[in-house]
Structure formats: C-alpha cells, structure tokens
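Architecture and fold: a report
Okay, here's what each chain looks like letter by letter:
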Amino acid sequence: MKCVRIEAYGGPEVMVLADIPVPAPGPGEVLVQVSHAGMNFMDIHTRQGKYRQSRTYPVRLPCTLGIEGAGRVVATGPEVAGFAPGDRVAWCIAWGSFAEYACVPARLLARVPDRLGLDMAAASMFHGCTAHYLAHDVARLAPGMSCLVHGASGGIGQILVQMARRLGVRVFATTSSAARAGRIRALGADQVLDYDGGRFADAVRDATGGHGVDVVFDAVGRETLRDSFRATRKRGLVVNFGSVSGPLDDLDPIELGEAGSLFLTRPRLADHMESQPVVQSRADAVFASLLDGSLDIVIAARHSFDTLAEGLERLEHRRSTGKPLLVVQPEAG
C-alpha cells in the first residue's frame, strides 16, 4: 500500500512516499480502508519530533503520518466487538491515516451516519471532538457566560466560536487579519479583535466593564498567554490547549494569583477520549450539528499523495483557511 512515512525527525524533506505491506490488525484493532484523512498541525509536530518523549501520545519512529481519517472497515483483530467489515467509521489521535489502509484501535473509532460523507467525517473528527471537550467538559460553558477564543480563524477556533454561541455564551475572538474577521463574525462572534501586541486584553476588559471573560481558550501560547491572564475575570479559567507561537517556559505560578486567583489548565484530547462510548458520543454531537446545519466546517483543499507536502506546508505557515484533506479513495456516490 502507499503511505507517507518518516524515519527521522526534521523538516518536510523527511517525509517519504513509501510502498509497504498492508498491516494486519492486532488485538483490539480494526483495519480500515482509508477514504479521506484530515491534515493537522499534529502531523507537522509529529514530523518535527515534538512527541518523541510524550506519554500521552506515544508515537515513535518509524511512523506513518496522519492522525485523523475516515473509511470503511476491512477486517477486525482479536478482542474487537461492535465493528464489522463494511462499517463506515472515523477516528483521530491514532497515527497512520496518510495511507491506503490503517490499523486503528477500536476504542478510538466512531461510526459515521449514512447521511454524512466520509470526507466531512474526516474533516470534523479531530477539531470537532477537541472543541466539544473544551467547551463542554473543561470550560463547562453555559448561557450567560463569556469567553475569548484565540486563533478563531483556525479549525478548532471556528468550531469553538460556533459551539459557544449555540450554548448562549458571549464570544470574543482574536484573529491575525482583518480579511478573516468577517468569517468569524458570520459564525457568531460578538466582537473580533486583533492581537495588537496584547492589547486585546484591554479591549476585552473595556467591553466587560473591567471584569474580563469567564474563560479564555488559548492555543497560541507564548505570544498571548500572559495577556490572556489580563483578559480573564477573577477566579476565571485559562485553557491553554496549544502553543503555536512556542511554549511559555518561564511561568511562575504566583502570576496566576496576581492576575486574580486564576485557574490555568493544559488539557489534551487523549484524556477526554477514554473509551469508545465517549468517542462515539462526542462524534455523534459533532456529526448531528453538521447534519442539522448548526455547525459549518469548510474543506479548504483536497490533496493527493503527490500534493500532500504542499498542503502541509501551507498549513504550517498559516496560509490555509479551512480544513485540508488527503483524498485516498473517494467514496462512491
């Protein structure tokens, strides 16, 4: 089968289009013929070696890239119940989807409803489940609350804005360009701000009568995190779920006290996808919102194996708006 692999960490040059045997599913695994694979920053971070010592995401070399996909079950390994050949499924945080076939732990699979295309299932699984656990489990958003979403024009950011608005939350958002602000307003953000060297915090304070928001969702990291503290109300919550601008490695916990006895958390999706029923429930919520029109996810581009590196390069340098996909085997019809 064709697949995109790395045998060393580094830049785009370490990615190789290889031809390897189709894997056999082991205990608790399902072999899936991949239809589409989502393209994500986690693929770039994997290539760069950011998970080389991770316990949460124990991916090691050599590695077939791709942490998200959708397709049809071909075979099941020992100790698998509930899935059978022909089932339409989607998954995330299981490596190997940049390939014609992938072995996926059954506990990370979600069934895809017949009315939803496998392309949209692959485009929504990782970002959708991430936004779902952040909004519902970590922040516990509820009517009357307020939040600030950084990187709102990104895949997770756009979904967070939509989920928060649907929950009756007042939404502030930041984005890096005026051209993208219109899209974020259309998705429901009450106010879209520029980062402006951290002055977004002053704008949020002014708009909330000096109090700040209940929750900040910050995937940017070093460039925004301290100002995110300033934008948060006393005893509020700052959710740092990414570090696109780099880590803040000199943080003294006393800063949280000085900023108003804040709560700071650094969650990961893997700890909120602990069983197949949980995975299915999150996916069901995302898929249902796509089908009823309350959630809008734009597929930015569809790539082949030949153009995958180009698509990842655009993603890495933030020149991609929407979700890029690798098309492996288009679904009939």
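Before going further, it helps to examine the overall build of the chain. Each helix and strand counted, the chain has 9 helices and 16 strands in total. A compact globule built from 333 residues should have a C-alpha radius of gyration of about 20 Å, and the chain, at 20 Å, falls within 12% of that. Principal-axis analysis of the C-alpha atoms gives the chain an extent of 60 × 40 × 35 Å. Here the chain holds 333 residues, and 54% of them are scored as buried. Element-wise, carbon and sulfur atoms account for 50% of the exposed surface of the chain, whose accessible area totals about 14,300 Å². Computed over 35 positive and 36 negative side-chain charges, the separation of the two mean positions in the chain equals 3 Å.

Right, let's get into the pattern of salt bridges. Taken as a whole and assessed by the stated rule, the structure comprises 15 salt bridges. In this structure, R47 engages E316 in a salt bridge whose closest nitrogen and oxygen atoms are separated by 3.5 Å. With a gap of 269 residues between them, R47 in helix 1 (residues 41-48) and E316 in helix 9 (residues 308-316) connect regions that are remote in the sequence. R47 sits in the buried class, given a relative accessible area of 4%.

Below, the discussion takes up the packing of helix 2 (residues 118-138) against helix 3 (residues 155-166). When two helices pack together, their arrangement is given by the angle between their axes and by how far apart the axes lie. With their axes 9 Å apart at the nearest point, helix 2 and helix 3 run at an angle of 50 degrees to one another. Taken together, the axes of helix 2 and helix 3 are oblique relative to one another. Crossing angle aside, the handedness with which helix 2 passes helix 3 is right-handed. Packed against helix 2, whose contacting residues are H127, G128, T130, A131, H132, L134 and A135, the element helix 3 presents G155, I156, I159, L160 and M163 at the interface. Here the contact of helix 2 with helix 3 is built from residues that sort into 7 nonpolar, 5 polar and no charged.

Our focus in this paragraph is the sheet that holds strand 10 (residues 170-175). Spatially, the 6 strands line up as an open sheet ordered 11-10-9-12-13-14, and their pairing is parallel. Two strands lie at the open edges of the sheet, namely strand 11 (191-194) and strand 14 (263-265), each paired on one side alone. Within the sheet, the average angular offset between the axes of one strand and its neighbour, ignoring direction, is 15 degrees. Two strands pair when backbone bridges link them, and strand 10 and strand 11 are joined in this way by 4 bridges, in the parallel orientation. Bridging across to strand 11, T174 finds its partner in L193.

So, about the packing of helix 2 against helix 8 (residues 276-292). At a minimum axis separation of 8 Å, helix 2 and helix 8 run at an interaxial angle of 110 degrees. When the axis of helix 2 is compared with that of helix 8, the two are roughly perpendicular. Every residue of helix 8 that contacts helix 2 at M120, A121, S124, M125, G128, C129, H132, Y133 and D137 is listed here: V279, R282, A283, A285, V286, F287 and L290.

Counting residues in each nonpolar core, the largest one holds 93 residues, and the members touching the most others are M125, F217 and F287. Considering every element that reaches this core, the biggest residue donor is helix 2, with 13 residues. Discounting chain neighbours no more than four positions away, the residues touching M125 are E68, A90, W91, C92, A110, M273, V279, A283 and F287. Counting residues in hydrophobic clusters, the runner-up holds 9 residues, among them L148, A201, V216 and A231.

Looking now at the state of the cysteines. Per the counting criterion, the structure on display carries 0 disulfides. C92 carries a free sulfur, and the closest cysteine sulfur to it, the one in C129, is 5.1 Å from it. Of all cysteine sulfurs in the structure, the one in C129 sits closest to C147, which takes part in no disulfide; the separation is 19 Å. When its relative accessible area of 0% is taken as the criterion, C147 is described as buried.

With that settled, the discussion passes to the sheet that holds strand 1 (residues 2-6). In space, the 3 strands of this open sheet follow the order 2-1-4, with antiparallel pairing throughout. Both edges of this open sheet fall to strand 2 (16-19) and strand 4 (63-64), since each of them pairs with a single strand only. Sheet topology places strand 1 next to strand 2; 4 bridges connect them, and they run antiparallel. The partner of R5 across the bridge, within strand 2, is V16.

With respect to the helices, strands and loops of the structure, R230 is situated in helix 6 (residues 225-231). Expressed as a C-alpha distance, the spacing of R230 and A259, which sit 29 residues apart in the sequence, is 6.5 Å. For R230, the contacting residues outside a window of four places in its chain are G198, A201, D202 and R205. Here the side chain of R230 touches G198 through a polar contact of 3.0 Å, landing on its backbone oxygen.

The next subject is helix 3. Its 12 residues give helix 3 an end-to-end C-alpha distance of 17 Å, which sits within 8% of 16 Å, the value for a rise of 1.5 Å per residue. The element helix 3 is extensively covered by neighbouring structure, given that 9 of its 12 residues are classed as buried. Among the residues making up helix 3, those that are buried are I156, G157, Q158, I159, L160, V161, Q162, M163 and A164. Those residues of helix 3 that are buried lie in contact with helix 2, strand 9 (146-149), strand 10, helix 4 (178-186), strand 12 (213-218) and helix 8. Looking at the residues trailing helix 3, positive phi occurs at G168, about 80 degrees.

Basis of the calculations
- Residues numbered from 1 in each chain as written.
- Predicted model: local features only at pLDDT ≥ 70, side-chain atom pairs only at ≥ 80, totals over all residues.
- Heavy atoms only, no water.
- Helix = DSSP H or I, 4+ residues; strand = E, 2+ residues; numbered from the N terminus.
- Rg over C-alpha atoms; globule rule 2.2 N^0.38 Å.
- Buried < 20%, exposed > 50% of the residue type's maximum accessible area, 1.4 Å probe, protein only.
- Areas by Shrake-Rupley, 256 points an atom, 1.4 Å probe, with all protein chains shown as cover.
- Lys, Arg positive; Asp, Glu negative; His and termini not counted.
- Charge placed at Lys NZ, Arg CZ, Asp CG, Glu CD.
- Salt bridge = Lys/Arg side-chain N within 4 Å of Asp/Glu carboxyl O.
- Axes fitted to C-alpha atoms, helices over the stretch in contact; angles between N-to-C directions.
- Parallel < 35°, antiparallel > 145°, perpendicular 65-115°, else oblique.
- Left-handed = near helix turned anticlockwise from the far one by under 90°.
- Contact = heavy atoms within 4.5 Å.
- Nonpolar A, V, L, I, M, F, W, Y, C, P; charged D, E, K, R; others polar.
- Pairing = 2+ DSSP bridges.
- Core = buried A, V, L, I, M, F, W, Y, C linked by side-chain atoms within 4.5 Å.
- Disulfide = S-S within 2.5 Å.
- Polar contact = N/O pair within 3.5 Å; in protein donor to acceptor, adjacent residues only side chain to side chain.
- Expected span 1.5 Å × (residues − 1).

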